[in-house]
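Working through the structure, step by step
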Amino acid sequence: MRHKFALILILTAIFVCPILAGQELKPIELPKPQVTGGKPLMDALRGRQSIRSFQSRPLPAQVLSNLLWAAFGINRPESGKRTAPSARNWQEMDIYVVMADGTYLYEAKAHRFDPILAGDHRGATGGQDFVKDAPVNLVLVADLAKTVDASSEGTRVSVGVDAGVIVQNVYLFSASEGLGTVVRGSIDGPAFAKLLKLRPDQKVIIAQTVGYPN
Ligand SMILES: Cc1cc2nc3c(=O)[nH]c(=O)nc-3n(C[C@H](O)[C@H](O)[C@H](O)COP(=O)(O)O)c2cc1C
């Protein structure tokens, strides 16, 4: 009887564990971003617009790499400063990347997606019909622990502006790349924070959908 039980345990370890492990999210090492080229700035500004109808096809790794670098990547490695300004260089904005296979956190220094939550949680980033099928939803979360006087009006305004400049980087990159995008205030921030088990001083600010337009 004991032997039978041990055998079952061993077989479970051999056959079931690898299947479960396969469901675990792994970090995504992004290819080096292509930081030259693209449309001239005035052409990108002319094309900037909100799009609300997307193809479901995923974005290639190189496009994801370029997108996140454009959004809030490090453009001056010697100082660690970024493609978007931030109040007092707090760099308090984290970008969560919500895709069909799971939710990741963009780590700018390593230029990598770190796994946060397996499964398709795109629908948790907003109720508009295109949100759950578009390949990428970015969620901007401010880590207020990196700010000063987190509850003050000044800091609230600064955090909003810090999100806005990242959002516009994504709009301009999308216009240059032939992608569609729309920024969305209509995300249930507390529900998303609960799903991701965020700390109380991590505040969901805004979401932005990105994908190939229909
Ligand atoms: C702070 C903010 C929140 C927004 N929230 C939403 C939203 O929840 N859903 C949506 O479809 N568009 C949203 N938008 C996009 C605006 O509706 C859009 O920018 C506006 O209609 C102008 O269109 P354009 O971006 O094509 O110039 C938001 C824009 C901003 C700046």
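Presented here is a report on the structure given in the accompanying data block. (Residues numbered from 1 in each chain as written. Predicted model: local features only at pLDDT ≥ 70, side-chain atom pairs only at ≥ 80, totals over all residues. Heavy atoms only, no water.)

A count of helical and extended segments in the protein gives five helices and nine strands. Ordered by position from the N terminus, the helices and strands of the protein form the series α-β-α-α-β-β-β-β-β-β-α-β-α-β. Sorting the 214 residues of the protein into buried and exposed places 43% on the buried side. Excluding contacts between residues fewer than 6 apart, the proportion of contacts in the protein whose partners are at least 24 apart in sequence is 73%. Of the accessible surface of the protein, which amounts to about 11,700 Å², a share of 59% is contributed by carbon and sulfur atoms. (Helix = DSSP H or I, 4+ residues; strand = E, 2+ residues; numbered from the N terminus. Buried < 20%, exposed > 50% of the residue type's maximum accessible area, 1.4 Å probe, protein only. Contact = heavy atoms within 4.5 Å. Areas by Shrake-Rupley, 256 points an atom, 1.4 Å probe, with all protein chains shown as cover.)

A few words on the pattern of salt bridges. For the structure on display, the rule yields seven salt bridges. Residue D43 pairs with R46 through a salt bridge whose shortest N-O separation is 2.8 Å. Within this pair, D43 and its partner R46 are both found in helix 2 (residues 41-47), separated by three residues, close to a single helical turn. Take R46: its relative accessible area is 67%, and that puts it in the exposed class. Its salt-bridge partner being E153, residue R156 comes within 3.9 Å of it at the nearest N-O pair. Highlighted residues: R156 and E153, both in helix 4 (residues 153-177), separated by three residues, approximately one helical turn. For E153, a relative accessible area of 56% gives the class exposed. (Salt bridge = Lys/Arg side-chain N within 4 Å of Asp/Glu carboxyl O.)

A separate point is helix 4. One full turn of an α-helix is made of 3.6 residues, so residues set three or four places apart face in the same direction. Here helix 4 contains 25 residues, and its C-alpha end-to-end distance of 36 Å stays within 8% of the 36 Å for a straight helix at 1.5 Å per residue. A positive backbone phi angle near 80° is found at G178, which sits one or two residues after helix 4. (Expected span 1.5 Å × (residues − 1).)

Formed by 40 residues in total, the largest nonpolar core has its most connected members in L59, I95, F113 and L138. Where this core is concerned, the elements lending two or more residues are helix 3 (61-72), strand 4 (93-98), strand 5 (102-107), strand 7 (136-143) and helix 4. Setting aside residues no more than four positions away along its own chain, L138 makes contact with L68, I95, Y96, V97, V170, I206, A207, Q208 and V210. Counting twelve residues, the second-largest nonpolar core is a separate cluster that includes L105, I187, L196 and L198. (Core = buried A, V, L, I, M, F, W, Y, C linked by side-chain atoms within 4.5 Å.)

This part covers unusual backbone geometry. At Q91, a position not held by glycine, the phi torsion is positive, near 50°. Residue placement: Q91 occurs in the loop between strand 3 (81-82) and strand 4. Judged by its relative accessible area of 18%, Q91 is buried. Positive phi, close to 55°, is recorded for K197, a residue that is not glycine. Topologically, K197 is positioned in the loop between helix 5 (189-195) and strand 9 (202-211). Look at K197 and you get exposed, because its relative accessible area is 74%.

In this section: the sheet that holds strand 1 (residues 28-29). With antiparallel pairing, the seven strands of this open sheet are ordered in space as 1-6-5-4-7-9-8. On the outer flanks of this sheet lie strand 1 and strand 8 (180-184), each paired with one strand and no other. The sheet contact formed by strand 7 and strand 9 spans eight bridges and is antiparallel. What sits directly across from V139, in strand 9, is A207. Contacts between helix 3 and the sheet are confined to strand 4, strand 5, strand 6 (112-118), strand 7 and strand 9, with strand 4 contributing the most and set at about 155° to the helix. Across the face of the sheet, helix 4 comes into contact with strand 4, strand 7, strand 8 and strand 9 while running at roughly 10° to strand 9. (Pairing = 2+ DSSP bridges. Axes fitted to C-alpha atoms, helices over the stretch in contact; angles between N-to-C directions.)

Interpretation in functional terms is not warranted from these geometric data alone.
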